[in-house]
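The primary structure of each chain is shown beneath.
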Amino acid sequence: MIEVTVAAALNLPVEELGAKTRRTAPVAFARQIAIYCAHVTFGWSLTEAGAIFSRDRTTAAHACRVVEDRRDDDEIDTIVQRVEDVLSMWLATMESCQRGVE
């Protein structure tokens, strides 16, 4: 869900985000946003957030710092906030569905 949402928000192919190599700067930044959202929105550890893209904890920490720094730009902040909002709604929906099944 994270990859699909970030790719859609930045108009990039989903497959590019999961690539093992860095790719272009826009793809690398999209991957950093995805790692950031996994950590901040989903509450995953840096190790878990990095693992979804075959990255280690230090790379995930770097991704979070990059995204935080770039959020000073209003356009970037708006994109990241929209992604966070969509992911938060998805997460809340999934949790609600799971409660309904129990």
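Up top is the structure.
Now for a description of the structure that goes with this document. Here the residue numbering is sequential within each chain, running from 1 through the sequence in written order. The model is predicted, so local features are restricted to residues of pLDDT at least 70 and side-chain atom pairs to those at 80 or more, both for listing and for counting; the totals for chains, interfaces and linings are taken over all residues. Derived side-chain values reflect all non-hydrogen atoms in the structure, with water molecules and hydrogen atoms excluded from consideration.

## Here we look at the overall build of the protein
Within the protein one finds 6 helices and 0 strands. Under the scheme used here, helices are H or I runs from DSSP no shorter than 4 residues and strands are E runs no shorter than 2 residues, and both carry numbers assigned from the N terminus. Each helix and strand of the protein, ordered N terminal to C terminal, gives the series α-α-α-α-α-α. Here the globule rule is a power law, 2.2 Å times the number of residues to the power 0.38, and the radius of gyration is based on C-alpha atoms. What you see for the protein is a C-alpha radius of gyration of 14 Å, in line with the 13 Å of a compact globule of 102 residues. Partly exposed residues are those whose accessible area sits between 20% and 50% of the maximum for their type, while under 20% is buried and over 50% is exposed, using a 1.4 Å probe and protein chains only. Looking at the 102 residues of the protein, the share that counts as buried comes to 36%.

## Some details on a negative patch on the surface
Put simply, a patch holds well-exposed residues, over 30% relative accessible area, that have no salt bridge, with like charges counted together within 9 Å and Val, Leu, Ile, Met, Phe, Trp or Tyr side chains within 5 Å. Surface accessibility in these figures is a Shrake-Rupley result with a 1.4 Å probe; residues are shielded only by whichever protein chains are displayed. By definition, a salt bridge exists where a carboxyl oxygen of Asp or Glu is found within 4 Å of a side-chain nitrogen of Lys or Arg. Counting rule for charge: Lys and Arg are taken as positive, Asp and Glu as negative, and neither His nor the chain ends is counted. Charge coordinates come from a single atom per side chain, which is NZ of Lys, CZ of Arg, CG of Asp or CD of Glu. Together, E68, D69, D72, D73, D74 and E75 line one region of the surface with negative charge. Broken down by secondary-structure element, the contributors of at least two residues to the negative patch are α5 (57-70) and α6 (74-101). With respect to the element layout, D73 can be found in the loop between α5 and α6.

## Focus: the packing of aromatic side chains
The rule is short: rings of Phe, Tyr and Trp, with Trp giving its six-membered ring, pair when the centres are within 6.5 Å, and they are stacked under 30 degrees, edge-to-face over 60, tilted in between. For the structure on display, the rule yields 2 aromatic pairs. The interplanar angle of 70° and the centroid separation of 5.4 Å between the aromatic rings of F42 and W44 together place this pair among those described as edge-to-face. Here F42 and W90 contribute two aromatic rings whose centre-to-centre distance is 5.9 Å and whose plane-to-plane angle is 20°, an arrangement assigned as stacked. Taken together, the positions of F42 in the loop between α3 (25-40) and α4 (46-51) and W90 in helix α6 put the pair 48 residues apart, joining distant regions of the chain. By relative accessible area, F42 is classed as buried at 15%. Take W90: its relative accessible area is 31%, and that puts it in the partly exposed class. In this structure an aromatic cluster arises from ring pairing among F42, W44 and W90. A ring is scored as having a charge over it whenever the NZ atom of a lysine or the CZ atom of an arginine sits within 6 Å of its centre and within 35 degrees of its normal. Here the guanidinium or amino end of R70 rests over the ring plane of F29, the centre of that ring lying 3.9 Å away.

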